[in-house]
Every structure is written in C-alpha cells, then in structure tokens.
Amino acid sequence: MDLLTLLIIIPVLTIIGLVFCKDHKQVKIVAATGMSVQLLQCIYVVIAYLMERKAGNKAEMLFQKNYMWFDSLNIQYSIGVDGISVALILLTGIVIFTGIFASWNVTHLAKEFFISLILLSSGVFGFFISLDLFTMFLFYEIAVIPMYLLIGIWGSGPKEYSAMKLTLMLMGGSALLLVGLLGIYFHSSAGGSPLTFNILEIAKVSIPIEMQRFLFPCTFIGFGVLGALFPFHTWSPDGHASAPTAVSMLHAGVLMKLGGYGCFRIAMYLMPEAAHEMAWIFILLTGISVIYGALGAIMQKDLKYINAYSSVSHCGLVLFALLMMNETAFNGAILQMVSHGLMCALFFALIGMIYGRTKTRMINEMQGIMKVMPFLSVCYVIGGLASLGLPGLSGFVAEMTIFVGAFQHPDMFHRIATVIAIASIVVTAVYILRMVGRMFMGPLDNEQFQGLTDAVWHEKIATVALVVAIAGMGMAPLWLSDMIGNSLGPIMDQFSMLAP
Amino acid sequence: MNIESFLIMRHELMLTLAAVLMLIAELSFGKSEKSRIIPLAIFIFGAVTAVGFLPAPTGSLFGGMYQTSALIILMKNILNLGVFIVCLQSASWLKLPVNQDKGSEYFLLMISTLIGMNFMISAGDFLMFYLGLELATIPLTALAAYETYKMKSAESGIKLILSASLSSGITLFGISMIYGTTGSIYFNEVAPLITGDNLQVLGFLFFFTGLAFKISIVPFHLWTADVYEGAPVNITSYLSVVSKAAALFILIILMFTVFNALEVVATKVVYVTAILTMTVGNLFAIRQQNLKRFLAFSSIAQAGFIFLGVIGGPGLGITSVIYFILIYVFSNLGAFGVIAVISGKTGKENIPDYNGLYLTNPKLSLVMMLSLFSLAGIPPVAGFFGKFFLFAAAAQQGYYILVLIAVANAVISLYYYLLVVKAMFINKSEQPIEPIHSDGFARVGMVLCVLGMVVIGFASIIFDYIETLSRQL
C-alpha cells in the first residue's frame, strides 16, 4: 500500500469501525484512535517527503502513482505531492485530530456525527493528494456534502437556513467548476495526444487563450466561492456561526483552503495567460474581501461571527497573494493558508469550549472570564495575537511574506491594492484587542460565571496541539517556507513566459 | 430459418414462457392460496433476468423486421433488472387482501408490457416498432388503473390511455410521412433515403413528439404528475423508470441510425427541449408535497439531463445515456422502494410525514438518502459519475452554455432533494412514522438498489463495457 493512498484508507477504515460501535464511548475511542493514526501518518508523509528531497529527488511531484480508472476517457486515479500539498496535508491532519477532541461532548447521534466528520476529512485528504482533475473534483464534492448534515443536525441557531445556504452556494461554485474542468479536459490534447485529466500533463499544453478567457473565471470563481471570494462569501458567516465546533474548525481551517489551493493549482497553474489578463478584476474583489471582512468583524458581537468575518478577511488575503503572481507572494499565500488554518481551528475550538460553559457567545455579556478560565483565556489571547500578526507566531511570518511579495510589483495599481490590504492589519488589531479586552479582562461581575471550571483533559489536548503548532510555525518558519519554496519552481516556470 | 435462429429472440421468448408458466401456475393454485403466485413469479422472473445476462447470439430475423445486437441485449437486460426490482417491491402490496386474488394478472400485465418494450427496441422497421410500442402501452394502462377500488387510480388509467393514444397517433402520423417520402418502413432502407427535405423533417418532428410523450419531455409532460400520483406506487416507479428508459433507448437508436442525416434539426430540437425539460421539471418539483408527484417532476428533470447525453452524439453521448439510465434505474427504484414500503404500511406519502424518520427507521432513511443523492449527482454514489459523463458528452460537442444551464439546474435539484433529506434527518416530529418491518422481498430489492448505486460508479469496467458496445451502433 502506498504512502498517500493510506491517507484515504485510514479515514475509511475508521468510518467502517465506527459503524460497528455500540455506544458513544466506543465511538469516541475509535474516532480518536483513527485520527491519531492519521496524524502520525501525515507527519510521516512530511518526513518522508523531506528525506526524499534531501536525497536529491528533483521530481515535481513525489510518491507519484497512476492507476487507470475510466479507460475510455483516460481518467486515472493519480496521486502525488509537492511541498505545497504536503504542508496542507499536515494542516488537515492536525485540525481533524484536534477537531475530534474538541467535539468530545457530542452525545446526540454521536456515531453519525463522527462518521460525517471523518468522511468530510477523507474528502479533503483525497483532494490534496490528487493530480487528476476528475478524482480531485470527486473528492471535492465528497468534502462538501456531509457539511449539510453536520450543520443541519448538530448546529445551533438558524441551522437549517445556514446549512442550506452553505450547501447550495458551494454546490453552485462546484457547478461552475465542473464546466471549467470539462472545458480544460477537452482542450488538454496537444497535437493529437489523447485527452487527459492529469494536471501535470495539462500544464505542458497551452490552452487557447479564447477558451481560457471563458474557463479561467469559471474555475477561479468555482473554487473562489469556497475560498470566500467577495461577493460569494455570504455562506461563510452564517455557516460558521451555525455549525458545531468541530465543523467550524474543519470548515474554516481546512475546507476554505481547498478553495485557495484549487484556485492556485488548477485555475492559475493551468491557465496562466488568462490569470495574468484577468488578475486585476480578482485583485479588486479579493481586496474588498480583505477590508470588508475585517470591517465586518469589528461590527459583530457574536464571537463566531467575528471569527467568520475575520476568516473572510484572511482567506481573501490568500487569494490576494496568489493573484500577485510572484514567488514570494505565492509562498506567503501558502504560509497564510497553513497559519490561518491553525489559528482559525484554535479560535473555533476555544469558542466552542467557552460557549459550552457560559452559554453565550456575545462578547458584551462576558467580562473577566480569565479569572475562572485562565487556561482557555491564555490560549485565546495567543490565537488573537497570531491573528493580528505578532512576530514569533505564525501569522506574522505569513503576512510579512505576502506583503513583501505584493510590494515587488512596481506599478501603481498593485502598490495601492497592497497598501489597502495592509491596512486590514490595523483593523484586525482593533477587533482582536477589543474582543480580548472585553471578554477576559476586568472584574468578574456576573455571578453565574463564578463557578465555571477551566479546560479538562480532552480540551487541553486539542488546544495545546494547536498552540504548539502556531508557535512552532512562528518560531521556526524556515523549514516550512523552504519546503514550499522548493516546490514553486515548476509553477513559476508556467508564469515565466509572462515576464516582460 | 432454423430453430436455433429463434435464440436470437431469446429475451422475448423467455418472457413469453414466463407468462405462460404463470398462467398454468395460477390454475393449479386453489382460491385461498392465490398469493402463493407471488414468490413463484418473482423466482421465475429472477431466473429470466439472470439468464438474460448469458451470452446470446445476435442478428436479425423475419426479413429484417427484428434485429438485435450486443448493445440492444444490454438495454433489455437493464429493463429486466428494473422490472425485477419493481416486482420485488410490489410483493407486500400484492399480499394486501384487496389485491390478493389479482396477483397473476399483475405479473402477466407487467411481463406483457416488458415484451412490448423488448420488441420496440429490437425493431428493424417502423411496423415492429409500432407494435411493440402499443403492446408496451396498453397493459400499462390496465396496471395504472389496477386499484379499481380507488377513484384516483381509475382516473390515472384513463389519463394514461388518452395521452398514450394521442401520442401514438402522432407517432404514426410522423411514420406515415417518412414512409411517404422514402417508400419503405425498414430502418436500413429508410436511412440512406433521408435527405432532409421538409416533409421528412416534419415526419421526424412528429415521430419525436410521440416519443417525447412517453419520456415526458416538456411541453409534452402534462399527463405525468397526475398519472404518477394516481397510479399505485409500484406502477409509478415502473412508469418513471422502465417505460421511460425503453422509450429513451429506442430514441437514441433511431436518432443515430435512421435519422442521422437530420442531425442539424435534431440537435436544435433536443437542445431546446433539454433546457425546457430540466428547468420546468425542477421548478415544479420544488413546490410538491406529495412524494410521488415530487419524484414525477424530478424524473422529468432527469430526462432533461439525459438529453445532454443525447446531444453529445454517438460515442460518448450514447455511452453516457445508457450508463446514466442504468444508474437511474437503481437510484429511482431505491427511492420508490422506500416510498412503497412506507405508504404500504401507513398510507403516508407526503414529505412532512417523513419528519424525524431517521430516528425511527434509520435504514429506510439511509436508503432514501443515498437514492436522492444519487439522483442529485452527489458522490460517492453512482449518480455523480452518470451526470458527470452526461455533461462531458455535451461539453465535448462544445455546448458549454447548455452545460452551464444544466449544472445550474443540478443545483436547483439538489435543493429539493435536500428538502426531503432535511425532513428525514433534521426535522423533529410529534408523531414520527413507527418503526416499520419491511418484508424480505422489499429488502432484497433495496439491497440491490444500494449495491447498484455504490458499485456502478466505481466499477469503471461497466462504463468501458458500454463504451465498447455503443461504438458498434
């Protein structure tokens, strides 16, 4: 069994194990074991990848495997990873692992909950390892649909509305995407060679520019919906606010990265000419995402809404950086994906834990809760500081790289866009500090909060894992950014012909 | 002509034999043990279905009136499978006291319509085609009106026979024009003489309209919802799956053989009707509360999606149509199977009645959910693969706008399928449907459907097999 397919097989085996569980204690044990093994497997993949690179393997994708699937259409199950996908696989592994511990208290239909959650994660893993557009699309859709049930059944608030809105908007995106993928497929043949869905093969072919002008927006918007591209981001605040803790974690932490990764790996990598031509439209849109998300977060009082809007802002920054189309900005975009994934997962996990105790998510109803929950509060502050880009934590590394990359463009348009995007950092600082000040500091007036307890063991596992990852990435960013940077070479070759 | 050449007609002969066996068996059962015909009939039919998959000789008979090929045999097998699942699902309904002494009639009628359909797709000339069409339709009307004690059932029978006779009249009119311009009714003689003059185009349009009634293509769909609602559940599923599939099969066969020269006209017609059918079917489905009407409109929309494959032309187009129909048989019958069980035990068939179904009947809800996801085209169930290839077929011809409209419709359809999923899994109910024990036959039927939905998608060998066969058309 090869290294990468195991990343799908472990979740599937876990799901099969879950089906046979009798009570929800067994369910939790099976889910936690399965996802711990999965996390170890992810770490092993990273180490194996680094070893292989160190040994001098210069191939674009490592651990490649191709199996023919639908022969007549040349659809293959083909897998492989480079530094970018490995980084995101590691992120997914950490988030799903912590997600299981963060949802330790789910009792209503626990078995179904964990099955849907792990099914979702298997879709994400499959997406990141695929090199074939068809399989990629298949895994993408597998990742989207369990979300409906997860939010609809275990969510809170206007959950049915949010679940429906989220599912339909994301499926609308994937509908556009499907058109784009089919278009790419039918133009993937160069000089009589068979049509192919394989990304690496298609990259060698240059798709006619007239087709690119139609297919690029389809694909970019298709993935952009998932990456919270303005004005298609409206599913995100409602969806995240209504979703149960682990689902918000996974959704904001990982699924939204699927959008960014898809925009990068499919839309831009395969159609660089159109990407270059149309970048200005999307730079405007993502610029709006960045600022609008940050301003939206200031206006909110509900913790989940604050973080949902802040996700719109941060994910907008990912797409923004990608559209800058130079090596530094690309590197920053991927770093931002990982960093935001970890931060967001930490935030949503902590919000879930705090809400479980205080029964409210309104920041004006909480005050001084650091006195009763020092552990959770400190973790929250660390997450907040990472989010506003404090040096030493992950956010700084990512945002710094992005802005350095973006500023390399000498022309006025890019400069202004960059300056506006940088302004979002200030706004972020405002809402983070205000939130932290309101909730954690000051006297503890509310008597109901007096008897609340701090984190218990499973919550500590989840938060500590995430805090360590955030701090680790902030303190020692080099190995990660090197790993990503080394893989950007072939991608930059695609764009090199555009250089003046 | 020798005896062995009759083996070319093996499917039809086996079915006729089964019908005769059923008649004899009925005579031998006493008045009180009439319901013993049910397991026997299902067993016989299962055997017929299984034998159908054995390799069979191909060729033509009766001077070219009857023809068969590996592709046509595959189509017949798909129909057989569909009917077999319908039979399994009707067992418990036939055991009801009101239907008890009519069991053999039910199976006889069903087998005769199936024989008609088989002759229809195997036709080598328009005469045989028309005979098959009528043989398929008339017993079907009797089946729709089967619950003689229900007004709605009788109404549905009348509506079906009226619209069916109108549609076959139109078809005949079209055929007469083709005959008038070519002087032949044999497909292989007509084909080279089709030059695209006006009368032939008109003839094709009438012919197409007649079949469009059967497939319930918008704007010829108006009978569908009423008939589906009034007929017994199992007949509704038969109408929406088997009868529709048969009409689609003969349509694609004729479009790419006899009417191949009219491609320009045919493409325009299919293009417009595909858009109309998907959109109208979807928009009406959103408003439905009765599950049978709901699935009626959803099946109209599905026919619109199938037309994307028809427009995709020979090769990938035909392959994707047949592949999708194969998947559609399992998906739609899965959904109808659940409805049949629940409406048989409780008489409830409205969506709000299904509130909270998962808590009381988890297995039925899961089967329903898988079927609906398959209809909506959500992986990992097979519907995803089916729809993907249909869209790919249309995209291959460069109809990207059509594909865009289709995918937008797929999202709309997802909305109403999710409404049912929401009722079962999310909504709470004061009086949920009690836990239901379905009988063994219905269970076997559902297991078959689920297996079909799970396996057909991933087993690429099936798609590739259909692809090799459809190249021979």
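For the structure itself, look to the data block above.
Note that the coordinates shown come from a computational prediction; the quantities given were computed from them, not determined experimentally.

A word on the overall build of chain A
- The number of helices and strands found in chain A is 19 helices and 2 strands.
- Relative to the 2.2 N^0.38 estimate, which gives 23 Å for 500 residues, the radius of gyration of chain A is 22 Å and therefore close to what a compact globule would have.
- Judged by the C-alpha coordinates and their principal axes, chain A covers about 75 × 60 × 45 Å.
- A total of 500 residues make up chain A; the buried ones form 66% of that total.
- Long-range contacts, defined here as pairs at least 24 residues apart, represent 81% of the contacts in chain A between residues at least 6 apart.
- On chain A, roughly 16,200 Å² of surface is accessible, and the fraction owed to carbon and sulfur atoms is 68%.

Concerning the interface of chain B and chain A
- Every contact between the two is made by 38 residues of chain B and, on the other side, 35 residues of chain A.
- Taken over both partners, the interface formed by chain B and chain A buries close to 3,400 Å², and the fraction arising from carbon and sulfur atoms is 84%.
- Together, Phe388(B), Tyr400(B) and Ile426(B) form the three largest contributors to the area buried by chain B at its contact with chain A, with a combined 21%.
- The interface formed by chain B and chain A holds 1 salt bridge in total.
- Between Lys422(B) and Glu160(A) there is a salt bridge whose closest N-O contact spans 3.8 Å.
- Here chain B is connected to chain A by 5 residue pairs in polar contact (both at pLDDT 80 or more).
- Counting only elements with at least two residues in the side of chain B that touches chain A, the list comes to helix H13 (313-346), helix H14 (357-360), helix H15 (362-376), helix H16 (383-396), helix H17 (400-425), helix H18 (440-458) and helix H19 (460-470) of chain B.
- Residue contributions to the side of chain B that touches chain A peak at 12 residues, all from H17(B).
- When its residues are assigned to classes, the side of chain B that touches chain A shows 30 nonpolar, 5 polar and 3 charged.

Let's talk about the environment of Gly56(A)
- Position of Gly56(A) relative to the elements: it lies in the loop between helix H2 (24-54) and strand S1 (62-70).
- Through-space distance from the C-alpha of Gly56(A) to that of Pro374(A) is 48 Å; in sequence the pair is 318 residues apart.

Some points on the side chain of Ser387(A)
- Of note, Ser387(A) is situated in helix H15 (residues 374-387).
- In this structure Ser387(A) touches His314(A), Met343(A), Phe347(A), Glu399(A), Thr428(A) and Ile432(A), once residues within four positions along its chain are discounted.

Focus on helix H12 (residues 291-311) of chain B
All names here are of chain B.
- For H12, with 21 residues, the first-to-last C-alpha span of 30 Å sits near the 30 Å given by 1.5 Å per residue.
- Here H12 lies mainly inside the structure; 21 of its 21 residues are buried.
- Structurally, the start of H12 carries an N-cap: the backbone nitrogen of Lys 292 is 2.7 Å from a side-chain oxygen of Asn 290.

Some remarks on the packing of H13(B) against H18(B)
All names here are of chain B.
- Between H13 and H18, the shortest axis-to-axis distance is 9 Å and the interhelical angle comes to 145°. In the crossing of H13 with H18, the sense of the turn from one axis to the other is left-handed. Of H18, the residues touching H13 (which contributes Tyr 323, Leu 326, Ile 327, Phe 330, Ser 331, Leu 333, Gly 334, Gly 337, Val 338 and Val 341) are Ala 442, Met 446, Leu 448, Cys 449, Gly 452, Met 453, Ile 456 and Gly 457.
- Across the contact of H13 with H18, the residue classes tally to 13 nonpolar, 5 polar and no charged.

Calculation criteria
- Residues numbered from 1 in each chain as written.
- Chains lettered and ligands numbered in written order.
- Predicted model: local features only at pLDDT ≥ 70, side-chain atom pairs only at ≥ 80, totals over all residues.
- Heavy atoms only, no water.
- Helix = DSSP H or I, 4+ residues; strand = E, 2+ residues; numbered from the N terminus.
- Rg over C-alpha atoms; globule rule 2.2 N^0.38 Å.
- Buried < 20%, exposed > 50% of the residue type's maximum accessible area, 1.4 Å probe, protein only.
- Contact = heavy atoms within 4.5 Å.
- Areas by Shrake-Rupley, 256 points an atom, 1.4 Å probe, with all protein chains shown as cover.
- Buried area = accessible area lost by both parts, 1.4 Å probe.
- Salt bridge = Lys/Arg side-chain N within 4 Å of Asp/Glu carboxyl O.
- Polar contact = N/O pair within 3.5 Å; in protein donor to acceptor, adjacent residues only side chain to side chain.
- Nonpolar A, V, L, I, M, F, W, Y, C, P; charged D, E, K, R; others polar.
- Expected span 1.5 Å × (residues − 1).
- Axes fitted to C-alpha atoms, helices over the stretch in contact; angles between N-to-C directions.
- Left-handed = near helix turned anticlockwise from the far one by under 90°.

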